[in-house]
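Understanding the architecture of this molecule
Residues per chain are reported as follows:
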Amino acid sequence: MRILGIGEYCDLAAMYSRLAQEGHEVRVWVEDEAYRGIHRGLLPFTDDWHDELDWVREAGQEGCIVFESATKGEWQDALRRDGFNVVGGSAYGDRLEGDRLFGQQVMQDIGLEIARCERFYDMEAAIRFIETHPARYVYKSNGADSERTRNFVGTLDDGSDVIALLEFYRQHSPATETSPVDFMLMEHVQGIEMGIGAYFNGARFLSPVCLDWEHKHFFPGDLGELTGEMGTVVTYTGGQSLFKRTLAHLEEALAESGYCGYINLNMIVNEAHIWPLEFTSRFGYPGFAICSALHRQSWATIFKTMLDVDSTTLETAPGFATGVVLTVPPFPYAYGYEQLAKGMPVLFHPDISDAERQRVFLAEVEKVGDYLVTSGVSGYICVATGTGLTVQQANASAYALAGKVIVPNVRYRNDIGQRLANGELKLLQKWGYIDA
């Protein structure tokens, strides 16, 4: 195939590299200059993606444009109208992810109960709201490219900890014309956090669907900042019933929008309710890497399947895959990265096998001479994955591999999948959220 990757931050660098290793022609455009060092020396890049459109078109049905983010849906829709094969999402998908309140309304319209949520453009108005309606709240920035470390899960029942945070943001990060305030307060609900996702081919969802359990906090025990994702457990087994109650209802709307790509709904579930939280209308990161550990087809074959409106299935393996994110300081922030860790060597233990190397998905690295070194902006080094017929086996496999990635001052959570293996999986089966 001939593949043009378009993204802000080169989040799918490992996917592009696998495609290139398989012999496909790949070119990548990275919008943010600060991220253009990622996979330098490993991938071919272009300065202007528009210049590559004829190159893609010349490949006919073997040409494909892959979008990484949920912010360029209008570009995708326009390219599809021009006859290009596009994998990523759509403008409708962008709105599902970027406008949290809209996503909540969509879920309510299909019959799911939603937690109370309010959108704000002013910190003082939000403070007055909590004072008038005291409760435990979750603060979430709006926008698909919003800064995840600003999000916060409150713990106090009167909301006073969220009020204190809002006061801090009001004083230290005041709204400006170029940086307006846009966030949501959602009333906290108790339960188990999980996700349901599937690939969409422009007309219908493909089987099987994917269940996932993300770990978003930086430290073990769900302490520290919300980073986006520090590790995840996924499976392509047992998700059909939950899918029929949730994502399946979006099939018509996604088809009308021309959506083609992966989409995920994150939620909190308990014995009585499904509480939808947010959509991811794109390839998740590191989700794409962890899911691919269970794929029995290459990404090129999966692209072709998604671009075929008559397709119905993907080939996946049974069991579970666990992924662990490895980072160096100052992740999850960018401040001080140049001084602390940029340019550090990235090595592998001598006994790592070729098969194990294929289970390491490199992120913010580049090749300098014969060596890999850290690059990029924040110190997000790689994802180590493992598989097994049980969560325990997948966890053990992933952590054995993580120990073979040698980087000075490397850090990662050591509890990915533990709660799931220690009781949550059985509880979800008992509640009927996972098929037997």
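Heads up: the structure comes first, above all this text.
One structure accompanies this document, and this report is about it. (Residues numbered from 1 in each chain as written. Predicted model: local features only at pLDDT ≥ 70, side-chain atom pairs only at ≥ 80, totals over all residues. Heavy atoms only, no water.)

Another aspect to go through is helix H6 (residues 123-132). For H6, the full list of buried residues reads Met123, Ala126, Ile127, Phe129 and Ile130. Seen end-on, H6 carries its buried residues on one side only, within an arc spanning 160 degrees. Within H6, the exposed residues directed more than 90 degrees away from the buried face are Glu131 and Thr132. Against strand S5 (117-120), strand S6 (137-141), helix H7 (160-172) and strand S8 (183-187) lie the buried residues of H6. Near the N-terminus of H6, the side chain that reaches the backbone nitrogen of Glu124, with its oxygen 3.0 Å away, is that of Asp122. (Buried < 20%, exposed > 50% of the residue type's maximum accessible area, 1.4 Å probe, protein only. Helix = DSSP H or I, 4+ residues; strand = E, 2+ residues; numbered from the N terminus. Arc of directions from axis to C-beta. Contact = heavy atoms within 4.5 Å. Polar contact = N/O pair within 3.5 Å; in protein donor to acceptor, adjacent residues only side chain to side chain.)

Strand pairing within a sheet occurs via backbone hydrogen bonds; the two strands may be parallel or antiparallel. One open sheet accounts for four strands, arranged S17-S18-S15-S20; its pairing is antiparallel. The open sheet terminates on both sides in strands that have one partner only, identified here as strand S17 (365-368) and strand S20 (405-406). Alignment of strand S15 (residues 345-348) against S20, held across two bridges, turns out to be antiparallel. Looking at the pairing, Phe348 lines up with Val405 of S20. (Pairing = 2+ DSSP bridges.)

What follows deals with the sheet that holds S6. Taken together, four strands build an open sheet; the order of strands is S5-S8-S6-S7 and the sheet is antiparallel. Each edge of the open sheet carries a strand with a single partner, namely S5 and strand S7 (152-153). Both S5 and S8 contribute to a ladder of four bridges, which runs antiparallel. Paired with Cys117 across the bridge in S8 is Met186.

Under the definition given, this model contains 26 salt bridges. Linking Arg119 and Asp99 is a salt bridge whose minimum nitrogen-to-oxygen distance equals 3.2 Å. Here Asp99 lies in the loop between helix H4 (91-98) and helix H5 (100-109) and Arg119 lies in strand S5, a separation of 20 residues in the sequence. Residue classification places Asp99 among the buried residues on the basis of a relative accessible area of 16%. Salt bridges sharing partners connect three or more residues here, namely Arg100, Lys140, Glu193, Glu214, Lys216 and Glu278. (Salt bridge = Lys/Arg side-chain N within 4 Å of Asp/Glu carboxyl O.)

For the rest of this paragraph, the subject is the side chain of Asn151. Note that Asn151 resides in the loop between S6 and S7. In this structure Asn151 comes out as buried when scored by relative accessible area, which is 11%. Separated by 2.8 Å, the side chain of Asn151 and the backbone nitrogen of Ser141 make a polar contact. Contact partners of Asn151, with chain neighbours within four places excluded, come to Arg100, Tyr139, Lys140, Ser141 and Leu226.

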